[in-house]
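Below, each chain spelled out in residue letters.
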Amino acid sequence: MSTPHSHFLSLPDLASRAAGGAVVWANDELFAEKENLITPAAAEYRPATFGHKGQVYDGWETRRRRGADRESCDSAIVRLGVPGVVRGAVVDTAWFTGNYPPEVSVEAAYVAGHPSATDLAEHTHWTTIVERSPVNGDTRNPFAVDSGRRWSHVKLSIYPDGGVARLRVHGEGLLDPQFAELPLDLAALENGGRITGCSNMFYSSPNNLLLPGTARTMGDGWETSRRRDAGNDWVQVRLAAQGVLSFAEVDTSYFIGNAPGSARLRGRDGEGEWFDLLDEVALQPDTRHRFLIGAQRPVTEARLDVFPDGGMARLRLFGRLTDDGLRGVAEKWSLSG
C-alpha cells in the first residue's frame, strides 16, 4: 500500500482542461454544464444572472431528485488529461450554498485506448479512491488518496443531487512504456515530468511550465514577484526518467515587460553534482527560444535559473531515455499495475 502524498495540493491537476482533461459523461446537467468542473480558473459568481433554467452557475448542477429517486445519486466522468498516480482530489463547492450535495465519492479506472462515453458509463469497472464522505457548501473540500495505481478516468458522484463548482485531481503523470523509446519532451507533465522545487511562485504555479500546448495568456505560465536583492529565481524539474537531452525550448510568450533578462540550464544524475547543460543566455520577451544541448550526459533532473526574476510560459526538454531510464519507466508501471 502506498503512502498518501503529504502535500498533494502542490502537485499538478491531472484533470484540468489545461492539461487536456475532458468531462466525457454525466447522467444529468440540467442547471449547469458538466464541462465547468475542469475549468482551470476558480469559479466565478454573478448575482441575479438568470437564464431559462434559473441562476447561472459556473459549475456542474443537476436537478432535484424526488421520492424514491432520492436514494440514488448523480455522477460525472472525467478523462484525465494526464493518466497517472492520483495523490488527492478536491471537490470544490464554491458559490453553492443551498444547493450543494451533502456527500460525495470519487472512483477511478484505467482504460487503455480511447473508450466511448457509453463504454465508460456502462461497461467499466470502477475502484473507489475517495469513500462516500460529507462535504460543506461554498468550500474547497480536499481528500487525500491512498493508491499507487495508475488511472486514466475518474468518476465523481454526488448524493443525492446538487452542484459542484470544480473537481481537481492532483497527482503525478506516468509515461506509457509503448512510447518510451521515442524522442520525447522529458520534462512534460504528460510524460511524467514533475516540478520538485521553486524559488518563488507569487503570481502563478511553476506546474504551468510543463503543461501541454502553448500558453494562451500570461496567466498560463509561471511568474515570480520582483526581486529587490542580488539573487535570482529558479525552478527544478524531475524528468520522466533518466535521459540524454538534445535541445531545450525556453518560452517567454506573453511576458513582455516582465520576461527574465537571461537564463541558464543545469542538470544532474540522481544525487550527483550539477553540471551545465546550457550556459547563461540572453532571453527576449514574448519569444519561443530553442537551444541545442551539447552535453551528452545522462540526467534525471534539470534546473532552470532565470536572471533576476520574471515570467516563463513553458519549458520543454527534448531527448531520449537511456536504458536505465527505460527500465525505470517499466518498473513504475509494474508497481502501479
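Everything below is about the structure shown above.
Chains are numbered independently. Their residues run from 1 in the order of the written sequence. Note on the predicted model: pLDDT of at least 70 is required for a residue's local features to be given, and 80 or more for side-chain atom pairs to be given and counted; whole-chain, interface and lining totals, by contrast, use all residues. Processing note: side-chain calculations cover all non-hydrogen atoms of the structure and skip hydrogens and water entirely.

Chemist: Is there a simple way to explain the side chain of Asp28 in this structure?
Modeler: Secondary-structure assignment places Asp28 in the loop between β1 (22-26) and β2 (50-51). Judged by relative accessible area, Asp28 falls into the buried class, the value being 9%. In this description, contact between two residues means that some pair of their heavy atoms is separated by no more than 4.5 Å. With near-sequence residues (within four places) excluded, Asp28 lies in contact with Trp60, Glu61, Thr62, Arg63 and Asp74. In this description a helix means any DSSP run of H or I spanning at least four residues, a strand means any run of E spanning at least two, and both kinds are numbered starting from the N terminus. In this scheme, a residue with accessible area under 20% of its type's maximum is buried, one over 50% is exposed, and one in between is partly exposed, where area comes from a 1.4 Å probe on protein chains only.

Chemist: Just checking my understanding: could you explain the environment of Ser262 for this structure?
Modeler: Looking at the secondary structure, you find Ser262 in strand β16 (residues 262-268). The class for Ser262 is buried, based on a relative accessible area of 10%. Linking Ser262 and Asp305, residues 43 residues apart in sequence, is a C-alpha distance of 8.5 Å. Dropping the residues within four chain positions of it, Ser262 is found in contact with Glu280, Val281, Ala282, Leu283, Asp305, Val306 and Phe307. Within polar-contact distance, the side chain of Ser262 engages the side chain of Glu280 at 2.7 Å. In the analysis that follows, any N or O atom pair within 3.5 Å is treated as a polar contact, provided that within protein one partner can donate a hydrogen and the other can accept it, and provided that, for residues neighboring in sequence, both atoms belong to side chains.

Chemist: Explanation requested: the environment of Ala32 in the structure shown.
Modeler: Mapped onto the secondary structure, Ala32 falls in the loop between β1 and β2. Put simply, Ala32 and Asn232 are 200 residues apart on the chain and 45 Å apart in space, counted from C-alpha to C-alpha. Beyond its immediate chain neighbours, meaning those up to four positions away, Ala32 contacts Tyr57, Gly59, Trp60 and Glu61.

Chemist: For this particular structure, what's the right way to read the pattern of salt bridges?
Modeler: A side chain with one charge can pair with a side chain of the opposite charge if their charged atoms come near. Salt bridge criterion: a side-chain nitrogen from Lys or Arg within 4 Å of a carboxyl oxygen from Asp or Glu. Scanning the model with the defined rule gives 23 salt bridges in all. Between Asp74 and Arg65 there is a salt bridge, with the nearest N and O atoms lying 2.6 Å from each other. The buried category is assigned to Arg65, whose relative accessible area is 9%. A salt bridge links Arg216 to Asp220, with the shortest nitrogen-to-oxygen separation between them at 3.6 Å. Classification of Arg216 as exposed rests on a relative accessible area of 58%.

Chemist: Got a minute to help me understand helix α2 (residues 323-336) in this structure?
Modeler: Note that an α-helix has 3.6 residues per turn; residues three or four places apart therefore point the same way. Helix span, as expected, comes to 1.5 Å for every residue beyond the first. For α2, spanning 14 residues, the distance from its first C-alpha to its last is 20 Å, which sits close to the expected 20 Å at 1.5 Å a residue. Among all positions of α2, only Gly325, Val329, Trp333 and Ser336 are buried. The buried residues of α2 occupy an angular sector of 80° when projected down its axis, which confines them to one face. With respect to the buried face of α2, the exposed residues turned more than 90 degrees away are Asp323, Arg327, Ser334 and Leu335. On its buried face, α2 is in contact with β9 (150-159), β15 (233-251) and β21 (314-321). Directions drawn from the helix axis to the C-beta atoms are what define this arc.

Chemist: How do you make sense of unusual backbone geometry when you look at a structure like this?
Modeler: Trans peptide bonds make up the majority, and among non-glycine residues the majority have a negative phi. The omega angle of the peptide bond from Tyr159 to Pro160 is -10°, so this bond is cis rather than trans. In this structure, Pro160 sits in the loop between β9 and β10 (163-164). The linkage connecting Phe307 with the following residue, Pro308, adopts the cis geometry, with an omega of -15°. If you trace the backbone, Pro308 turns up in the loop between β19 (299-307) and β20 (311-312). With phi around 50°, Asp138 is a residue other than glycine that occupies positive phi space. Summarising the element assignment, Asp138 is placed in the loop between β7 (127-134) and β8 (140-144). Positive phi is not limited to glycine here, since Asp286 has a value of about 50°. The class for Asp286 is partly exposed, based on a relative accessible area of 41%.

Chemist: Please explain the packing of aromatic side chains as it appears in this structure.
Modeler: What characterises a pair of aromatic rings is the spacing of the ring centres plus the angle enclosed by the ring planes. Put simply, two rings from Phe, Tyr or Trp (the six-membered ring, in Trp's case) pair if the centres are within 6.5 Å, and we call them stacked under 30 degrees between planes, edge-to-face over 60, tilted for the rest. Tallied over the entire structure, the rule returns 6 aromatic pairs. Plain terms: the ring middles of Tyr45 and Trp95 are 5.3 Å apart, the flat faces sit at 15° to each other, and that makes the pair stacked. With Tyr45 in the loop between β1 and β2 and Trp95 in the loop between β5 (74-92) and β6 (103-109), this residue pair connects regions lying 50 residues apart in the sequence. Residue Tyr45 is classed as partly exposed on the basis of its relative accessible area, which comes to 32%. On the basis of relative accessibility, which here comes to 38%, the residue Trp95 falls in the partly exposed class. Counting every residue linked through ring pairs, the aromatic cluster contains Tyr45, Tyr57, Trp95 and Phe96. Here, over-ring charges are defined by two tests on the NZ atom of lysine or the CZ atom of arginine: distance to the ring centre within 6 Å, and angle to the ring normal within 35 degrees. Over the aromatic face of Tyr159 sits the side chain of Arg132, whose NZ or CZ is 4.0 Å from the ring centroid. Taking the ring centre of Phe275 as reference, the NZ or CZ of Arg297 above it sits at 3.7 Å.

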